[in-house]
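Geometric and topological summary
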Amino acid sequence: MPADGWWGWAGPLFVTVLGGALRFLRLGEPHAVVFDETHYIKGAYSLLTFGVERMTLGTGEDPVADRMIMAGDLGIWRRCPAVEECAEYVAHPPLGKWMIAIGEWLFGMTPFGWRFAGAVAGTLSILIMARVARRMTRSTLLGCLAGLLLALDGLHFVLSRTALLDVFLMFWVLAAFACVVADRDWTRQRLPSAGPRPGMRPWRLAAGACLGAACAVKWSGIFFLLAFAALSLMWDAGAGRALGRRARPVAALQGLAGAFALVPAAVYVLSWSGWFLRAEGWGRGWEQATRSGPGFFVLDSLRSWLGYQFQVLGFHTGLDARHPYMSEPWQWPLLQRPVAFHYESPPDACAAKDCSQAVLGVGTPALWYFALLALVVLVARYTAVRDWRAGAVLLGYGAGWLPWFYYAVADNRTMYLFYMLPVVPFMVLALVIAAGLVLGPGGTASIRRAAGAAVVGAVALIVLVNFWWLHPIVSGETITHAAWWARMLMRSWV
């Protein structure tokens, strides 16, 4: 690791503060319930109030509860003859909504309150990004560049300022990846003197806990769980071969099972504590479960819970309703169909007759397109020299993107561009590792280093300018309609 002392933390923290300032500035705007916030802010408030999710007044076509919330009236709960009849069927696990609920508890049921936790998660992910990139490249400068690039991505910015679940999924996935990389270093330091088993591996256990949390936000976290488990196993096998040790596959799988099966499962089940402890949850069957004593209560509760999980699985595999902003996974890397989270034309709010206030869920095009080139470089790098960093980044990118092709082809599932958010950190890592290759190692001739620095600096500047240009339409700033239209890179953005 670089021997730069306090700078190894001061640089990443500085970039994190900059990214956090961008995310918290005007966090309460738009002062409205935008896009799918309608589902998660009420679910979070219900968890905070009842421990489970309950039905609210209104429907998707007539969101009465949303209007009541914006008017300051929190009497939004539907009244039912029996409590269990008001149970809300939800398609995602509860952890992400519990995280949103923290902001609602601290700052009230307001746009700032329900977006607070997402902004915190987005800001902290910048710090994790900078530190894990520093560890992988052994360069604090490149680590800070990684944090800066993540801070300047439009999709990351929008979802850090919106009460959806994807920012929490991205946070836990990135945290898990950072733990897996740290475990690689930790294990290799101890293997030569510790024998074939290095003992308790805290970073691997932490990775399992983070992956369990990712699955407890959205089920798509399981793609990363499987990928990172395989990655850890391959790194262990490589370390053993480097030391000339005989492979022990059974022991390796036993060690893997605790961190990447038992720990994630425990975290996932724990996230459902409110459902287990309250009678009002969907499909809970509390009265029936309590009829025959505590033993039957536990077994019947587990049976009801597993039945609920299978209902959710059926929902996700059968989700094929058409939506104007849906897109296919092969369109995502090129940003062909972003999602309009919010759009209004407020009268007399700008220096023109027609005004626009928009929040467009789109990545920074310069960053995404440069990342595609960097991914090609990493494929060549891994093919040529088996660079472990290139392999890890390519695996993370594939784990977050490729599984959606199956659902697009087999189920014709409804999907959106923002499903790519957990992949964005791997795009940034690809760019930063490619930047390190352009710069060359520390002993490279000064002319080569200067030319490499000019190229890397130019890329960073282009990304910065591109984000600055897009900022009004990703932050809900009121601008003229002409200025909004000028920022539509493709007609499919409208």
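The shown structure was predicted, so the numbers you read here are calculated from the model rather than taken from an experiment.

1. Points about the overall build of the protein
What the protein contains, in helices and strands, is 20 helices and three strands. In terms of overall size, the protein behaves like a compact globule, its C-alpha atoms giving a radius of gyration of 24 Å where 494 residues would be expected to give roughly 23 Å. Dimensions along the principal axes, computed over C-alpha positions, put the protein at roughly 75 × 70 × 45 Å. For the protein, buried positions account for 53% of its 494 residues. Contacts spanning at least 24 positions in sequence make up 76% of the contacts within the protein whose residues lie at least 6 apart.

2. Topic: the nonpolar core
Core analysis: the biggest nonpolar cluster contains 139 residues, and Phe177, Phe228, Phe260, Phe341, Trp368, Phe418 and Phe426 have the highest contact counts within it. In terms of residue count, the dominant contributor to this core is helix H8 (residues 166–194) (14 residues). Setting aside its immediate chain neighbours within four residues, Phe426 contacts Val173, Phe177, Phe224, Phe228, Val393, Gly396 and Tyr397.

3. Structural notes on the packing of aromatic side chains
Aromatic ring pairs are described here by two measures, namely the spacing of the ring centres and the angle between the planes. The final tally for this structure, using the stated rule, is 42 aromatic pairs. Plain terms: the ring middles of Phe35 and Phe418 are 6.0 Å apart, the flat faces sit at 80° to each other, and that makes the pair edge-to-face. Taken together, the positions of Phe35 in the loop between helix H1 (7–24) and helix H2 (37–50) and Phe418 in the loop between helix H17 (403–411) and helix H18 (424–439) put the pair 383 residues apart, joining distant regions of the chain. No difference in accessibility class separates Phe35 from Phe418, as the two residues are buried. On the basis of an interplanar angle of 50° and a centroid distance of 6.4 Å, the ring pair of Phe228 and Phe426 is categorised as tilted. Of this pair, Phe228 sits in helix H10 (residues 221–242) while Phe426 is found in helix H18, placing the two residues 198 residues apart along the sequence. Each member of the pair, Phe228 as well as Phe426, is classed as buried.

4. Quick word on unusual backbone geometry
The step from Glu29 to Pro30 runs through a cis peptide bond, and the omega angle for that step is 0°. A positive phi angle, close to 60°, is found at Arg138, a residue other than glycine. Looking at where Arg138 falls in the secondary structure, it is placed in the loop between helix H5 (111–137) and helix H6 (140–151). Not every positive phi belongs to a glycine, and Arg386 is a case in point at roughly 55°. Structurally, Arg386 can be placed in the loop between helix H15 (365–385) and helix H16 (388–401).

5. Considerations on the side chain of Ser46
Relative to the elements of secondary structure, Ser46 occurs in helix H2. Filtering out sequence-adjacent residues up to four positions away, Ser46 remains in contact with Gly51, Val52, Glu53, Arg54 and Trp77.

6. Focus: H15
Note: α-helices contain 3.6 residues per turn, so residues at a spacing of three or four share the same orientation. The first and last C-alpha atoms of H15 sit 30 Å apart over 21 residues, in line with the 30 Å expected at 1.5 Å per residue. Within H15, the full set of buried residues consists of Pro365, Ala366, Leu367, Trp368, Ala371, Ala374, Leu375 and Leu378. Contact partners of the buried residues in H15: H6, helix H7 (154–160), H16, H18 and helix H19 (446–474). Remark: Arg386 follows H15 within two positions and exhibits a positive phi of approximately 55°.

7. Notes on the state of the cysteines
Simply put, disulfide is the name for a covalent bond between the sulfur atoms of two cysteines. The final tally for this structure, using the stated rule, is two disulfides. Cys350 shares a disulfide with Cys355; S-S distance 2.0 Å. Taking the torsion about the S-S bond as the criterion, the Cys350 to Cys355 disulfide, at about -95°, is left-handed. Residue classification places Cys355 among the buried residues on the basis of a relative accessible area of 3%. For the protein, the bonded cysteines connect in the pattern 1-2, 3-4 when numbered consecutively along the sequence.

Cut-offs and rules
Residues numbered from 1 in each chain as written. Predicted model: local features only at pLDDT ≥ 70, side-chain atom pairs only at ≥ 80, totals over all residues. Heavy atoms only, no water. Helix = DSSP H or I, 4+ residues; strand = E, 2+ residues; numbered from the N terminus. Rg over C-alpha atoms; globule rule 2.2 N^0.38 Å. Buried < 20%, exposed > 50% of the residue type's maximum accessible area, 1.4 Å probe, protein only. Contact = heavy atoms within 4.5 Å. Core = buried A, V, L, I, M, F, W, Y, C linked by side-chain atoms within 4.5 Å. Phe/Tyr/Trp six-rings, centres within 6.5 Å; stacked < 30°, edge-to-face > 60°. Expected span 1.5 Å × (residues − 1). Disulfide = S-S within 2.5 Å.

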